[in-house]
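The chain contents come next:
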Amino acid sequence: MNTLSTLSQALGSDGALPAWSDQPDPRQILRENDPDIYKAIELERQRQTNGIELIASENYVFPEVLAAAGSVLTNKYAEGYPGRRYYGGCQYVDIAEKIAIDRAQALFGAEHVNVQPHSGAQANAAVYMALLKPRDTVLAMKLDHGGHLSHGFHLNSSGHYYNFTHYGLNPETERIDYDIIRQMAEEHQPQLLLVGASAYPRHFDYPTLREIADETGCLLMMDMAHVAGLVATGLHPDPVPYCDVVTTTTHKTLRGTRGGLILCKEAYAKAIDRAVFPGMQGGPLMHVIAAKAVGFKLAMEASFKAYQQQILDNAQALSAILQREGLRSVSGGTDNHLLLIDLNNLAREEITGKLVELSLDNAAIHCNKNMIPFDPRKAMVTSGIRLGTPAATTRGMKEPQFEQIGRWIASIAHNPKDTALQETVRDEVLAMVQAFPTPA
Ligand code: DSN
């Protein structure tokens, strides 16, 4: 029986939707019974509303995603997979998980998917567990050139259990140098070649990476967490046909709930499923899986492609204005939703990523300090900031707003200690965002 016939059977013959609940609004119960946490949530909601969010990995979820994530499915234990659970009463959460699987497969054209990872880092850890033995060699991008903690950072479990070796970017182009990867793969003979990044503004060349993996006899994995929404809509090269395994988060450009997802070739399906459960995790978060399903459905709509295109157009507008205002983008621009700005170009010793992040925060423009390739400063200081367009694009901001945002950022980055300027910009930001409501 397929998922949809199971669903219509569960709903009854007339297909009528049951009432959600006749209980009082849970937000009001929270307000009355735990005002401290209620206040923290409400203040955070106001912060998200009254500022401009440029953290490249953040977004505003769809309201229906929020509803599913805050639903009674959080009450249910369902260790195992649909139809093979270690608990009774799983018939309805099975429907949700099967729908999530079907939609993720349709959205990304994957042979097999696992929707249970709690996060991108846990998805990656499960893949390593499935495909590698402890101490096997993995070739991945350096963290300080744009890679990710779960790609072999020495304090992360990946760096603890596996022998990661890292490639950096080409110092002149500040882009991936496929000849360097090929040489390193020949030299180190990795079991796995891992690509993907959290601060890399350029496309990846999957056919060349596949060639390198085949020449070396290793597996190829892409962590597409940042660009999954662009991939889903065909606006970024698609890793799925070329890679043995692709991991992602379900938030970021994808605009769904916080969570992880694994896509793989059928040959690895059993090993991946076993590594997620019982390997890395116990009970899956069924409310989050339902919310993932809701997000995948919305990502298949035509309006989602238009939204992703606007993310890209806004990134181009931001890149152009920042360049005109004297801020240098690493690699000279962007192919995706993010920009990495090199503050060393401002040639003033004291202008660091840490200082500019704080100054922009005071002006209600939120971004994060970020190391740039070959950064002389440490990760808590940095010489760069990372800017992303997805969240503000969700609010409906377009090129004219991003040109204004770019002018604000440049004026503050050139004068990061001018607190009067920060206050002026903060007032202007507050005035501007009134016309762009947040979704929830
Ligand atoms: N921490 C996320 C980011 O900001 O890119 C990646 O997991």
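About the cut-offs
Residues numbered from 1 in each chain as written. Predicted model: local features only at pLDDT ≥ 70, side-chain atom pairs only at ≥ 80, totals over all residues. Heavy atoms only, no water. Near = heavy atom within 4 Å. Polar contact = N/O pair within 3.5 Å; in protein donor to acceptor, adjacent residues only side chain to side chain. Areas by Shrake-Rupley, 256 points an atom, 1.4 Å probe, with all protein chains shown as cover. Nonpolar A, V, L, I, M, F, W, Y, C, P; charged D, E, K, R; others polar. Helix = DSSP H or I, 4+ residues; strand = E, 2+ residues; numbered from the N terminus. Expected span 1.5 Å × (residues − 1). Buried < 20%, exposed > 50% of the residue type's maximum accessible area, 1.4 Å probe, protein only. Contact = heavy atoms within 4.5 Å. Pairing = 2+ DSSP bridges. Axes fitted to C-alpha atoms, helices over the stretch in contact; angles between N-to-C directions. Left-handed = near helix turned anticlockwise from the far one by under 90°. Patch = residues over 30% accessible without salt bridge, like charges linked within 9 Å, V, L, I, M, F, W, Y side chains within 5 Å. Salt bridge = Lys/Arg side-chain N within 4 Å of Asp/Glu carboxyl O. Phe/Tyr/Trp six-rings, centres within 6.5 Å; stacked < 30°, edge-to-face > 60°.

A. Structural view of the site of the ligand. Around the ligand, a shell composed of Ser57, His148, Ser198, His226, Lys252 and Arg386 is seen. At 2.9 Å from an oxygen atom of the ligand is found a side-chain nitrogen or oxygen belonging to His148. At a separation of 2.7 Å, an oxygen atom of the ligand approaches a polar side-chain atom of His226. Considering the ligand on its own, with 230 Å² of exposed area, one finds that the protein chains cover 63% of that surface. A class-by-class count of the residues in the shell around the ligand yields no nonpolar, four polar and two charged.

B. Spotlight on helix H12 (residues 286–299). The end-to-end C-alpha separation of H12 is 20 Å, in line with the 20 Å expected for 14 residues at 1.5 Å each. Of all the 14 residues making up H12, twelve are buried; the element is thus mostly covered by neighbouring parts of the structure. Contacts made by the buried residues of H12 are with helix H4 (63–69), strand S3 (84–85), helix H5 (91–108), strand S10 (260–264) and helix H13 (302–324).

C. Representation of the sheet that holds strand S11 (residues 328–329). Spatial strand order, S11-S12-S15-S14: four strands in an open sheet with antiparallel pairing. Among the strands making up the open sheet, the edge pair consists of S11 and strand S14 (368–370). Note: S11 against strand S12 (residues 338–342), two bridges, orientation antiparallel. In the strand pairing of S12, Ser329 is matched with Ile341. Packed onto the sheet, helix H14 (residues 353–362) meets S14 and strand S15 (384–388) and runs at close to 45° relative to S15.

D. Broad picture of the packing of H5 against H12. H12 packs onto H5 with a crossing angle of 35° between their chain directions and a minimal axis gap of 8 Å. As for the relative orientation of H5 and H12, their crossing is left-handed in sense. Residues Val93, Ala96, Glu97, Ile99, Ala100, Arg103, Ala104 and Leu107 of H5 form the contact with H12, whose participating residues are Met286, Ile289, Ala290, Ala293, Val294, Phe296, Lys297 and Ala299. When its residues are assigned to classes, the contact of H5 with H12 shows 13 nonpolar, no polar and three charged.

E. Spatial organisation of a nonpolar patch on the surface. Taken together, the side chains of Tyr77, Tyr86 and Tyr87 present a nonpolar region at the surface, about 380 Å² in accessible area. Within the secondary structure layout, Tyr87 lies in the loop between S3 and H5. Residue Tyr87 is classed as partly exposed on the basis of its relative accessible area of 35%.

F. A look at the packing of aromatic side chains. By the definition in use, this model includes nine aromatic pairs. Plain terms: the ring middles of Phe204 and Tyr206 are 6.2 Å apart, the flat faces sit at 25° to each other, and that makes the pair stacked. Judged by its relative accessible area of 6%, Phe204 is buried. Ring centres 5.7 Å apart and planes at 50° place the aromatic pair Phe304 and Tyr307 in the tilted group. Of the two residues, Phe304 and Tyr307 are both situated in helix H13; the distance of three residues between them amounts to about one turn of the helix. Taken together, the ring pairs connect Phe62, Phe304 and Tyr307 into an aromatic cluster.

G. Up close: the pairing of S12. A large share of S12 lies buried, amounting to five of its five residues. Side chains Leu338, Leu340 and Asp342 of S12 all project onto a buried face; the interleaved residues Leu339 and Ile341 project onto the opposite face, where all are buried too. Sheet topology note: the S12/S15 ladder contains five bridges and is antiparallel. Among the inter-strand pairings, Leu340 is bridged to a residue of S15, identified as Arg386.

H. Layout of H5. The first and last C-alpha atoms of H5 sit 26 Å apart over 18 residues, in line with the 26 Å expected at 1.5 Å per residue. Restricting attention to buried positions, one finds in H5 the residues Val93, Asp94, Ile95, Ala96, Glu97, Ile99, Ala100, Ile101, Ala104, Leu107 and Phe108.

I. Representation of the pairing of strand S9 (residues 245–249) within the structure. Among the five residues in S9, five count as buried, and that is most of the element. Note: strand S8 (residues 219–223) against S9, three bridges, orientation parallel. Bridging across to S9, Asp223 finds its partner in Thr247. Bridge count for S9 against S10 is five bridges, and the pairing is antiparallel. Directly across from Thr248, in S10, lies its bridge partner Leu261.

J. The environment of Arg27, seen in detail. Looking at the element boundaries, Arg27 is found in helix H2 (residues 26–33). On the basis of relative accessible area, Arg27 is assigned to the exposed category, the value being 58%. When the C-alpha atoms of Arg27 and Tyr38 are compared, they prove to be 8.1 Å apart, with eleven residues separating the residues in sequence.

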